[in-house]
Amino acid sequence: MKKLNIMLLGGTKDSTELIKHLKANYDTNILTTTTTEYGSKLALEAGSDETIARPLLKDEIIELINNSEFDLLIDATHPFAEHITHTSVSVSKICEIAYIRFERPSLNLDEFDTSHIIYAKSFENAGEIISKEIPDGNILHFAGANTMEDVLKNVSKERFYPRVLKVPKSMEKCEKLGIEDDHIIAMKGAASLKENIDLIEKYDASVMITKESGEIGGVIEKIEAANQKDISLIMIKRPVIEELNKKDIVSNLDEFDKKLESLF
């Protein structure tokens, strides 16, 4: 296989593992785009040759591809980064570039006690459910800074305790929404079962909010913590991208290697 010039839309643990895999097994030059400096730092540590540490508009991605000799566009963004996946599919068609969507598999919940899970169709809907069905106790928000505003349309910020990355962008969002410093829980990666239980007890939580983000997102530990502490876990279902061809989706490194071999 020839040397591959790759543009990788990253910012997830999946993307850093994929960068390491590519560098260990293929001759590549990788440009990784992330929305934060922290994501960029992790991508460089994983072996990415270059990074861009800010959100890119669709036209900027098109211009980058058209002005460079990229062979492949990989979307390894979060399953809930719906907008960028829509964009990446569209860009791959416009630029006629080979495309792979690397998406962590959904969690098979058949073997777990799911009695404390309440499914919501959106974050605004999660807030509605809490307002109507769980009016007492505090809310642990384990679904990122970008989703806080929708939840807070229906619940009081006095009850609301978000666990977010302690980066300027997230702190600015908390400040804009009027979330007090002592309500902000600084995070680094997914929490363990013990950490989740400790947070439930410390903040007297009656409900947690999470995304259906797969095993790598710490969902299992949240389910088990909710079960042990007898509180509700509101889980927002993963979005379905209609334009995404199932043939372009891979969920693990073996599937990725087979897809890459078929393309090149």
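It should be noted that the structure appears before, not after, this text.
This report concerns the structure included in the present document.

Conventions we followed
Residues numbered from 1 in each chain as written. Predicted model: local features only at pLDDT ≥ 70, side-chain atom pairs only at ≥ 80, totals over all residues. Heavy atoms only, no water. Buried < 20%, exposed > 50% of the residue type's maximum accessible area, 1.4 Å probe, protein only. Helix = DSSP H or I, 4+ residues; strand = E, 2+ residues; numbered from the N terminus. Pairing = 2+ DSSP bridges. Right-handed = clockwise from strand over helix to strand, strands pointing away. Axes fitted to C-alpha atoms, helices over the stretch in contact; angles between N-to-C directions. Salt bridge = Lys/Arg side-chain N within 4 Å of Asp/Glu carboxyl O. Parallel < 35°, antiparallel > 145°, perpendicular 65-115°, else oblique. Left-handed = near helix turned anticlockwise from the far one by under 90°. Contact = heavy atoms within 4.5 Å. Nonpolar A, V, L, I, M, F, W, Y, C, P; charged D, E, K, R; others polar.

### Observations concerning the pairing of strand 4 (residues 72-75)
A regular strand carries its side chains on alternate faces of the sheet. The alternating pattern of strand 4 places L72 and I74 and L73 and D75 on opposite faces, both of which are buried. When strand 1 (residues 4-9) meets strand 4, the two strands line up parallel, connected through 4 bridges. For I6, the partnering residue across the bridge sits in strand 4 and is L72. Pairing of strand 4 with strand 5 (residues 98-102), which is carried by 4 bridges, proceeds in the parallel orientation. Pairing of D75 across the sheet is with R101, part of strand 5. Each parallel crossover has a hand, and the one from strand 4 via helix 4 (residues 82-95) to strand 5 is right-handed.

### Here's the deal with the sheet that holds strand 7 (residues 138-142)
Pairing in this open sheet of 6 strands is parallel, and the strands run 6-11-10-7-8-9 from one edge to the other. On the outer flanks of this sheet lie strand 6 (117-120) and strand 9 (185-187), each paired with one strand and no other. Shown here is a sheet whose adjacent strand axes are inclined to one another by a mean of 25°, direction ignored.

### Topic: the pattern of salt bridges
Applying the stated criterion to the full structure yields 15 salt bridges. Across the pair E17 and K20 runs a salt bridge, and its minimum N-O distance is 3.6 Å. With E17 and K20 both in helix 1 (residues 13-25) and 3 residues apart, the pair spans about one turn of that helix. Overall, the relative accessible area of 43% leaves K20 in the partly exposed class. The partner of K41 in a salt bridge is E45, with the nearest N and O atoms 2.8 Å apart. With K41 and E45 both in helix 2 (residues 37-46) and 4 residues apart, this pair spans about one turn of that helix. Classification of K41 by relative accessible area gives partly exposed; the value is 45%. Bridged by salt links that share partners, the residues D75, R101, E103, E212 and R238 form one connected network.

### Structural notes on the packing of helix 1 against helix 10 (residues 253-263)
Axis separation between helix 1 and helix 10 bottoms out at 12 Å; the angle between their running directions is 55°. On the basis of the axis angle, helix 1 is oblique to helix 10. Pair helix 1 / helix 10 crosses with right-handed handedness. Every residue of helix 10 that contacts helix 1 at L18, H21 and L22 is listed here: L253, F256, D257 and L260. Grouping the amino acids of the contact of helix 1 with helix 10 by side-chain chemistry returns 5 nonpolar, 1 polar and 1 charged.

From the geometry alone we can't say anything about function, so treat these as descriptive.
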